[in-house]
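Structure assessment
Listed here are the chains, written in short residue letters.
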Amino acid sequence: MVYNEFESEVDEILIGYGGNRAANVLDKALLEIISGQVELSGLLPLQMPANMETMEV
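These lines cover the structure that appears in this document, whether it is placed above or below. All values reported here derive from a predicted model rather than from experimental measurement.

Thoughts on the overall build of the protein
The secondary structure content of the protein amounts to one helix and zero strands. Expressed as a percentage of the 57 residues in the protein, the buried residues total 5%.

Here you go:
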């Protein structure tokens, strides 16, 4: 996914990783973020493409 196409239209982009094995922990963490109980910080463990031209086919 290329976030550059819509990131200027939104305040935040939340992505959840973990699948079923951590579903309850993930749900709780996302709710704490959305409700403002915690402040986001950290780095992504991957790189996001700047545009579709940088995507390999």
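The discussion continues.
Observations concerning a nonpolar patch on the surface
Taken together, the side chains of V10, I13, I15, L44, L46 and M48 make up a nonpolar region of the molecular surface, amounting to roughly 440 Å² of accessible area. Residue position: I15 is located in the segment before α1 (23-35).

Quick notes on the environment of M52
Take M52: it is sitting in the segment after α1. Residue class for M52 comes out partly exposed when judged on its relative accessible area of 48%. Note: C-alpha distance between M52 and V2 (50 residues apart in sequence) is 6.7 Å. For M52, the residues in contact, after removing those within four places along its chain, are V2 and E5.

A look at the environment of I13
Note that I13 resides in the segment before α1. When the C-alpha atoms of I13 and Y3 are compared, they prove to be 8.6 Å apart, with 10 residues separating the residues in sequence. Ignoring sequence-local partners within four residues, the contact set of I13 consists of Y3, F6 and E7.

Conventions we followed
- Residues numbered from 1 in each chain as written.
- Predicted model: local features only at pLDDT ≥ 70, side-chain atom pairs only at ≥ 80, totals over all residues.
- Heavy atoms only, no water.
- Helix = DSSP H or I, 4+ residues; strand = E, 2+ residues; numbered from the N terminus.
- Buried < 20%, exposed > 50% of the residue type's maximum accessible area, 1.4 Å probe, protein only.
- Patch = residues over 30% accessible without salt bridge, like charges linked within 9 Å, V, L, I, M, F, W, Y side chains within 5 Å.
- Areas by Shrake-Rupley, 256 points an atom, 1.4 Å probe, with all protein chains shown as cover.
- Salt bridge = Lys/Arg side-chain N within 4 Å of Asp/Glu carboxyl O.
- Contact = heavy atoms within 4.5 Å.

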